[in-house]
Amino acid sequence: MCFNPNVTTLVLNKIWLDCDPVRPGHDDACAILLATSLPSDINLVGLSTVHGNASGECTLSNAIRLIHMFSPQHDALVVHPGAPKPLIRPSRADPEIHGPDGLGGVVGLPPLNHPVILSRLESSHTANAVEGLAAAAKLAISSGYKIHLVATGPLTNLALFISVYPYLLSAFEEVCFMGGGVGIGNRGAVAEFNILCDPEAAQIVVDAPIRKTMIPLNVTHKAIVTETLQRRLLNECSERGLSNTTTPLRHTLHSIVSYFAASYKSVFGFNDGPPLHDALTIAYVARPELFRATRYRVDVDCISTLGTGQTVVDAFNYRDYDDSWGPTGKNVLVAEGIDVPAFFELFFECVDRCDTVSRLNLAA
Ligand code: BDR
Ligand code: CA
């Protein structure tokens, strides 16, 4: 697999993850797992949530429940609630794919009224996503490091941040988002869900004068959790000496993946397993060499009847573009290929690492 020369491998990566608020759904959960379980030279420094369904509090609390169970080392991390709705349009829901509460079918997470979850929920309201991002950006600038800004839901929070704090963009190495498709969609013939939820926000983000990488459906649909991989998730035990063949963490992850598999089978006819869309963004930050990407001009269709939400990729450079990442340039690196086996090795390495610390296992 080609190494993308436009991407620098950094010695120390810091990640801010902005995920679907109302549904850090099933693949968002796997993105959180990766972001909290990568090797120690890659740190999650911020987590925020964004709209996507009716009850905004629901996915904020899902994100808190997930990080609480996955990662005791992130106990002090505040989860920042973001925009409860798109910039202009009404909110969309996707209960068909993720269940009414955004994490349908998932076993093992603590209840919403668990005292620690309630306390983390309370502290989450001290700063919203945009305020949290601004504080993290100021700290990064004053300390001399950069943050990878990763989005796995609609791009509303990022658009608000870019609009309010354009002068803080220099704190970020790049923006990497899961979303869009090149000629394909999953919530319209050419519209992918995250972009369709808030196309105006997506256009603001792709026009921001900073390097952006888009991980579109064309690539995420290659990262299928096949039945063999689902079995590997259940059967491989950690080295903690548990007497059964699996661990509670693995059981919970398996419940996440199998619910997602059933949704993808019934809604999209994916018979081989579900695509782990969102987890690819974190893999991209950690291991860019696993991806092949090309820089193009990308715009978002915000007005047409058939194509609203489409990421329009000028693959043959029909217009003239300059070298900027902004409105006049080839503004987005579009991922075009992924080393799928290496991605899943990274995923299972993270599961192994999480197995040694997860509260799900400690409670067993
Ligand atoms: C995207 O929409 C959601 O269903 C997933 O979490 C992912 O972010 C895929 O189109
Ligand atoms: Ca998502």
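A quick note: this is a predicted structure, and the numbers were derived from the prediction, not measured. (Residues numbered from 1 in each chain as written. Chains lettered and ligands numbered in written order. Predicted model: local features only at pLDDT ≥ 70, side-chain atom pairs only at ≥ 80, totals over all residues. Heavy atoms only, no water.)

1. Digging into the pattern of salt bridges
One pass over the full model with this rule turns up 11 salt bridges. Of the charged contacts, one joins Asp75 and Arg359 as a salt bridge, the two residues approaching to 2.6 Å between their closest N and O atoms. With Asp75 in the loop between helix 2 (56-70) and strand 3 (79-81) and Arg359 in helix 14 (residues 359-362), the pair connects residues that are 284 residues apart, well separated along the chain. Classification of Asp75 as partly exposed rests on a relative accessible area of 35%. Among the salt bridges present, the one from Glu345 reaches Arg232, with a minimum N-O distance of 3.0 Å. Of this pair, Glu345 sits in helix 13 (residues 340-355) while Arg232 sits in helix 10 (residues 227-235), placing them 113 residues apart in sequence. Residues participating in the shared-partner salt-bridge network are Asp75, Arg120 and Arg359. (Salt bridge = Lys/Arg side-chain N within 4 Å of Asp/Glu carboxyl O. Helix = DSSP H or I, 4+ residues; strand = E, 2+ residues; numbered from the N terminus. Buried < 20%, exposed > 50% of the residue type's maximum accessible area, 1.4 Å probe, protein only.)

2. Here's the deal with unusual backbone geometry
The phi dihedral of Asn317 is positive, around 50 degrees, even though this residue is not glycine. Here Asn317 lies in the loop between strand 9 (311-313) and strand 10 (332-338).

3. Structural notes on the packing of aromatic side chains
In total, this model carries 12 aromatic pairs according to the counting rule given. With a centroid separation of 4.8 Å and 40 degrees between ring planes, the pair formed by Tyr264 and Phe268 is classed as tilted. Of this pair, Tyr264 and Phe268 both sit in helix 11 (residues 248-268), four residues apart, roughly one helical turn. Judged by relative accessible area, which is 4%, Tyr264 ranks as buried. Here Phe268 falls in the partly exposed class, since its relative accessible area comes to 27%. Relative to Phe270, the ring of Tyr264 has its centre 5.3 Å away and its plane inclined at 75 degrees; by these criteria the two rings are edge-to-face. Accessibility assignment for this pair places Tyr264 and Phe270 in one class, buried. An aromatic cluster is built from Phe161, Tyr165, Tyr167 and Phe172, whose rings are joined through pairwise contacts. (Phe/Tyr/Trp six-rings, centres within 6.5 Å; stacked < 30°, edge-to-face > 60°.)

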